[in-house]
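# Working through the structure, step by step
What follows is the residue order along each chain.
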Amino acid sequence: MKSIQKIKLAVIAIVIFASCNENEVTPDNSSDVMGLQQSKQVVAYPLPLPEVKVDKIGKQEKQAGSWINISGCGRDIAIGSTGDIAMVGCNRKIYRYINNTWQVDHPSQNVNSLTVDPWGRIYITNSSNEIWVDTDPNSNTNPWQRIAGHAIDIEASANGDLYCAGTNNKVFKYNYYNNTWTEVPGSSSVVRISADYYGTPVISNTQGRVWKYDAGSSWQHLAGIASDIAVNRANLHATGSNGKVYWYDFFANNWVEIGGAQNAIKIAVNIDDNPWVIVAGGAIFKRQ
């Protein structure tokens, strides 16, 4: 594999919007696909964050290391900013990675995508695009609650912000206190979403193009074609359309290949900034 690969793209303008809820403001009475109860309020607690900066990582540092196969079969994977690891199994149920083994989480079914917040709570979207949250990771009872809206992907950042890619392929931010979603201006065609340490959303669209939200109301186009994207505490990672794995060098404004990966389709990044990937067929690998 080459150490550095630049992927040239034409810059496109993205401008239109609608609501993640579509016309829904609070949970409706549609079919309960999880077989569980609808939600009360989900509370986000204040979360002060220490200063973390994107590092200028040397090529050799990222090239060092190897890929280790982790037992299990997955469809999607997520790692929270405090280290909690969860996946959607090939059977579309939720598993947590505890003591080096995958353990079934509270009962779940028909899960499409997931994220893990800083408190270890898992948010999922299901086959009906409903959004559910495991409100108490340590509970022995069934803690799943449904929250408002419909989405195709969901992401919790290190500072506790929750975002989704709506069924209309636009980006929305969740208000924990009134159970509504607010549109983030300027996106369209979104299929995968991540967010950096401070809650800035990063998306890939139906063409695989990658965009990062500017604090104002615009999106910054990043070079490259990605099938999935992930940020944890600092650096942005992606699986390319060629099945390889990359991290984004914001200083050089290009993607740097992390050697040894093939057929990677889903990605998450741990708190040490090392990627975990799911490859075609469901096998799971981590970089160390």
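Residues numbered from 1 in each chain as written. Predicted model: local features only at pLDDT ≥ 70, side-chain atom pairs only at ≥ 80, totals over all residues. Heavy atoms only, no water.

### Some points on the overall build of the protein
Definition in use: Counting from the N terminus, the helices are DSSP H or I runs at least four residues long and the strands are E runs at least two residues long. Categorising residues by exposure relies on relative accessible area from a 1.4 Å probe, with only protein chains included: less than 20% of the type maximum marks a residue as buried, more than 50% marks it as exposed, and the intermediate range marks it as partly exposed. For this analysis, residues touch if any pair of their heavy atoms sits within 4.5 Å. The accessible surface values rely on the Shrake-Rupley method and a 1.4 Å probe; as for residues, cover is taken only from the protein chains in view.
Along the protein, the regular secondary structure elements total one helix and 22 strands. Expressed as a percentage of the 288 residues in the protein, the buried residues total 53%. Restricting the contact set of the protein to residue pairs at least 6 apart, pairs at least 24 apart contribute 55%. When the accessible surface of the protein is split by element, carbon and sulfur atoms take 48% of a total near 12300 Å².

### Regarding the pattern of salt bridges
Test applied: When a carboxyl oxygen of Asp or Glu is within 4 Å of a side-chain nitrogen of Lys or Arg, the pair counts as a salt bridge.
Counting across every chain of the model gives nine salt bridges. With its nearest N and O atoms 2.9 Å apart, the salt bridge here joins Asp105 to Arg96. Take Asp105 and Arg96: they sit in the same class, and that class is buried. Salt-bridge contacts for Asp117 lead to Arg121; the nearest nitrogen and oxygen are separated by 2.7 Å. According to the relative accessible area criterion, Asp117 is buried, its value standing at 0%. The structure contains a network of salt bridges with shared partners spanning Asp76, Asp153, Arg192 and Asp228.

### What to know about the sheet that holds strand S10 (residues 162-166)
Neighbouring strands of a sheet are bound in pairs by backbone hydrogen bonds; such pairs are parallel or else antiparallel. Threshold: At least two DSSP bridges between two strands are needed for those strands to be called paired. Between N-to-C directions, angles cover 0 to 180 degrees, with each direction set by a line fitted to C-alpha atoms, over the stretch in contact for helices.
Taken together, the seven strands give an open sheet; going across it, the order is S6-S7-S8-S9-S10-S11-S12, and neighbouring strands pair in antiparallel fashion. Of all strands in the sheet, those bounded by a partner on one side alone are strand S6 (111-116) and strand S12 (180-183). Along the sheet, successive strands turn relative to each other by an average axial angle of 45°, direction set aside.

### Observations regarding the state of the cysteines
Going by this rule: Cysteine sulfur atoms are paired as a disulfide whenever they come within 2.5 Å of each other.
For the coordinates displayed, the defined rule picks out one disulfide. One disulfide in the model links Cys73 with Cys90; its S-S distance is 1.9 Å. Taking the torsion about the sulfur-sulfur bond, which here is approximately -75°, the covalent link between Cys73 and Cys90 counts as left-handed. Within this pair, whereas Cys73 is found in the loop between strand S1 (67-70) and strand S2 (74-79), its partner Cys90 is found in the loop between strand S3 (85-89) and strand S4 (94-98), the two being separated by 17 residues in sequence. Of the residues examined, Cys90 reaches a relative accessible area of 35% and is grouped as partly exposed.

### Focus: the nonpolar core
The nonpolar side chains of soluble globular proteins are, as a tendency, buried together. Stated formally: The set of buried Ala, Val, Leu, Ile, Met, Phe, Trp, Tyr and Cys residues whose side-chain atoms join them within 4.5 Å is what this entry labels a nonpolar core.
In terms of nonpolar packing, the biggest core is built from 13 residues, with Tyr123, Ile147, Ile154, Leu162 and Trp181 touching the most fellow members. Breaking this core down by element, the ones donating at least two residues are strand S8 (130-134), strand S9 (144-156), S10 and strand S11 (171-175). The biggest single contributor to this core is S9, with four residues. Apart from the residues lying within four places of it in its own chain, the contact partners of Ile154 are Ser113, Leu114, Thr115, Tyr123, Thr125, Ile131, Leu162, Tyr163, Cys164, Trp181 and Ile193.

### As for the side chain of Asp105
Convention followed: Residues adjacent in sequence count toward polar contacts only when both atoms are side-chain atoms; beyond that, a polar contact is any pair of N or O atoms within 3.5 Å, and within protein one must be able to donate a hydrogen and the other to accept it.
Along the polypeptide, Asp105 turns up in the loop between strand S5 (101-104) and S6. Taking the relative accessible area as the measure of exposure, Asp105 reaches 10% and is therefore buried. Polar contacts involving the side chain of Asp105 include one to the side chain of Arg96, which spans 2.9 Å.

### What to know about the environment of Asn126
Following the sequence through the fold, Asn126 ends up in strand S7 (residues 122-126). For Asn126, a relative accessible area of 0% translates into the label buried. Taking the C-alpha atoms as reference, Asn126 lies 5.0 Å from Asn112; in sequence the two are 14 residues apart.

### Concerning the sheet that holds S3
The four strands lie next to each other as S2-S3-S4-S5, forming an open sheet whose pairing is antiparallel. Edge positions in the open sheet fall to S2 and S5, since each of these has one partner strand only. Across the sheet, the mean angle separating the axes of adjacent strands is 30° when strand polarity is ignored. Examined bridge by bridge, S3 and S4 share three bridges and lie antiparallel to one another. Paired with Ala86 across the two strands is Arg96, which belongs to S4.

### Some remarks on the packing of aromatic side chains
For any pair of aromatic rings, the description consists of the separation of the ring centres together with the inter-plane angle of the planes. The condition that has to hold: The rule is short: rings of Phe, Tyr and Trp, with Trp giving its six-membered ring, pair when the centres are within 6.5 Å, and they are stacked under 30 degrees, edge-to-face over 60, tilted in between.
Counted according to the given criterion, the structure contains eight aromatic pairs. Judged by centre distance (4.9 Å) and plane angle (85°), the ring pair of Tyr197 and Tyr198 falls under edge-to-face. Judged by its relative accessible area of 5%, Tyr197 falls in the buried class. On the basis of relative accessible area, Tyr198 is assigned to the partly exposed category, the value being 37%. Relative to Phe250, the ring of Tyr248 has its centre 4.8 Å away and its plane inclined at 75°; by these criteria the two rings are edge-to-face. In this structure Tyr248 comes out as buried when scored by relative accessible area, which is 2%.

### Observations regarding the pairing of strand S16 (residues 219-231)
Look at any regular strand and the pattern is simple: side chains alternate between the two faces of the sheet. By the bridge criterion, five bridges tie strand S15 (residues 209-213) to S16 in an arrangement that is antiparallel. When the bridges of S16 are listed, Arg209 appears paired with Ile225. Between S15 and S16, which follow one another and run antiparallel, lie five residues. Strand direction decides the pairing type here: S16 and strand S17 (residues 236-240), joined by five bridges, are antiparallel. In the strand pairing of S17, Ala226 is matched with Gly240. Linking S16 back to S17 in an antiparallel pair, the connection comprises four residues.

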